[in-house]
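Survey of secondary and tertiary structure
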Amino acid sequence: MMRVVGVIGAGAAGLCAARHALASTGLSPVVWEKSSQVGGTWVYTPHTGKDQDGLPIHSSMYQSLKTNLPKEVMGFPDFPFSSDKEESFIHHSDVLKYLKSYTDNFNLNQYIKFRHHVELVTPVVTDEKTTWQVTVQDLDTKTSSTTVCDALLICNGHYSVPRMPQVEDIERYKGKQVHSHDYREPSPYKGLTVVVLGAAASGLDISLELATVAKEVLLSHNFPLPIPSELPPNMRQVQGVVSALDEGFVFADGSSAQADVIMYCTGYEFTFPFLTDDCGVTIENNIVKPLYKHVINTTHPSMGFIGIPFQVCPFPTFDFQVRFFLKMLGEVTLPSKQNMDEITERNLNEQCSAGMAVRHFHRLGSQQWQYNDDLANLSGLPYLPRAIMNLYEAVRYFLGTLTGIVTLESQNEMVAATQFELECRRSLGYSDKKFHQLGFVRQEQYLADLAKNMHAAQIPQHILTNFKVVVFRAIFSIMKFKQYSYSNDGNTLIETLHGKRINTKFDLGSVILRRVAYLFWHDFARVCTATFSFLQFSLKKIFTK
């Protein structure tokens, strides 16, 4: 008998949920989407406020928005972006085209109920399991119906309900207040003085666009240092807004300025208005509780939330979360509720001990790689390719230099440091053309340096070790060494030679000596590089059974 997996929302997360539910044995998806097309927040509309049905506009897209991540790291693992365009940071319309192509490729449209608005979700608890009554309204006929689902995935997104900061005396302010959710293009702000509160990606991007038409733009933030990028002459940085005046604002350093408009680029709230109290889900200090691995409702584990973590590569993360949840429906046994909640509490305490604010628990950043690997290990999935991690971290570092998170040295100091490294490489016998070839050890140090400069979490060491293992094994699996193979189930490396398990270090030693001898005979430089890399990590850790 087919089990029904309900999916709320046909944005990127909901489409991913439907695709993998459809591919799972014994599962059938049903997706409710209140708009008339797929895409969720990537569907641009020039309208703001309410839609034709009196419901809040969902999308926060503005007309010129481009991705702040390259498309090469954005795609779902089994469906990369087209390489037709050389541009990496693409327009939002290209992302929507990608999602429509994903929908068509996996034949998902037939499982989506468009213009159906979810009104109420109620758990039905029995001794055996929890099912879900999902009440939806057909926006065309204005009639409501209820569907019973065996499992439910919440994919309603979290970039649609504005977070409004508390500004002292804001009721005094006579100017216009706008959240970036309602920003579409700069022409309404022509000739005005605009305070933009918040200097993350959207705040900085919108500020630069406003500066093309506004009289003046005041970018208000609490970064420890000013953003070092060159800004337009009519744009300046001020400290965070602390209070309002009749015609302007007071900033943290005591200065003040008049302004016609304040634009809040202050983020969004998690909200699930359709969940009844019986669902057991609460939002406390920007943390959705009680979620195991940011996904599973530990009170009712047949309910999952996709897309809660932020500052991640979203589509790959959605993919891991969905497949993890579906595995937990039957193939893999979950820990007890008590154990899951204890694990979550321990993770929160560890992050707070490292200096993270409680409200940022769902902000993963560089921790996303460990997180994705955890999901892969728990559900027996392959890891995300490490090239995605490397590219993401490099882009993040570059953006950090633009926003002041990373403080660069002077041009002369940077040139001198690069020249010094180049000379060191030459002294070791490397040609200049191999300067950007990092290798095992240099890559490890390189990623550690990036993380240190960004005051970010270090890349988990087991990720680097696994990368070393994969590349090192590649040396022994090419050309004349076809008899050697290995597999990795996420926890244990299983090695075979001539189809038989390698059980002793003698077996492995003879394998290594024969291959190294072959390489030594044909390519001395390659042997030196491989041998040096091999000595950086112990046989005990690499070949643990």
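Residues numbered from 1 in each chain as written. Predicted model: local features only at pLDDT ≥ 70, side-chain atom pairs only at ≥ 80, totals over all residues. Heavy atoms only, no water.

Thoughts on the confidence of the model for the chain
The predicted model of the chain has a mean per-residue pLDDT of 84, with 75% of residues at 70 or higher. Below pLDDT 50 for its whole length, residues 461-484 participates in 55 contacts with residues either more than four positions away or in separate chains. (pLDDT = per-residue confidence, 0-100. Contact = heavy atoms within 4.5 Å.)

Observations concerning the pairing of strand β12 (residues 241-244)
Across three bridges, the pairing between β12 and strand β13 (residues 248-251) is antiparallel. Paired with Ser243 across the strands is Val250, a residue of β13. Here β12 hands over to β13 after three residues, the two strands then running antiparallel side by side. (Pairing = 2+ DSSP bridges. Helix = DSSP H or I, 4+ residues; strand = E, 2+ residues; numbered from the N terminus.)

Quick look at the side chain of Lys293
By the element assignment, Lys293 lies in the loop between β18 (291-292) and β19 (296-297). When sequence neighbours within four positions are dropped, the list of residues in contact with Lys293 reads Phe324, Thr344, Tyr371, Asp374, Leu375 and Leu378.

Things to note about the packing of helix α1 (residues 12-23) against helix α5 (residues 314-328)
Look at α1 against α5: their axes get within 9 Å of each other, and the N-to-C directions meet at 40 degrees. In this view, α1 runs oblique relative to α5, as classed from their interaxial angle. Judged by the twist between their axes, the crossing of α1 over α5 is right-handed. Residue-level contacts link Ala12, Ala13, Cys16, Ala17, His20 and Ala21 of α1 to Phe315, Phe318, Asp319, Val322, Arg323 and Leu326 of α5. (Axes fitted to C-alpha atoms, helices over the stretch in contact; angles between N-to-C directions. Parallel < 35°, antiparallel > 145°, perpendicular 65-115°, else oblique. Left-handed = near helix turned anticlockwise from the far one by under 90°.)

Topic: the sheet that holds strand β11 (residues 235-239)
If you trace the five strands from one edge of the open sheet to the other, you get β8-β15-β9-β10-β11, paired in parallel fashion. The open sheet has two free edges, formed respectively by β8 (176-179) and β11, since each of these has just one partner strand. The mean angle between the axes of side-by-side strands here comes to 25 degrees, regardless of whether they run parallel or antiparallel. Inspection of the sheet shows strand β10 (residues 216-221) paired to β11 by five bridges, in the parallel sense. In the strand pairing of β11, Leu218 is matched with Arg236. The strands that helix α4 (residues 201-210) touches are β9 (193-197), β10, β11 and β15 (261-264); relative to β10, the one it contacts most, it runs at about 165 degrees.

Considering the side chain of Thr45
Looking at the secondary structure, you find Thr45 in the loop between β2 (27-33) and α2 (71-74). Of the polar contacts made by the side chain of Thr45, one reaches the backbone nitrogen of His47; its length is 3.2 Å. Once residues within four sequence positions are removed from consideration, Thr45 is found in contact with Ile57 and Arg184. (Polar contact = N/O pair within 3.5 Å; in protein donor to acceptor, adjacent residues only side chain to side chain.)

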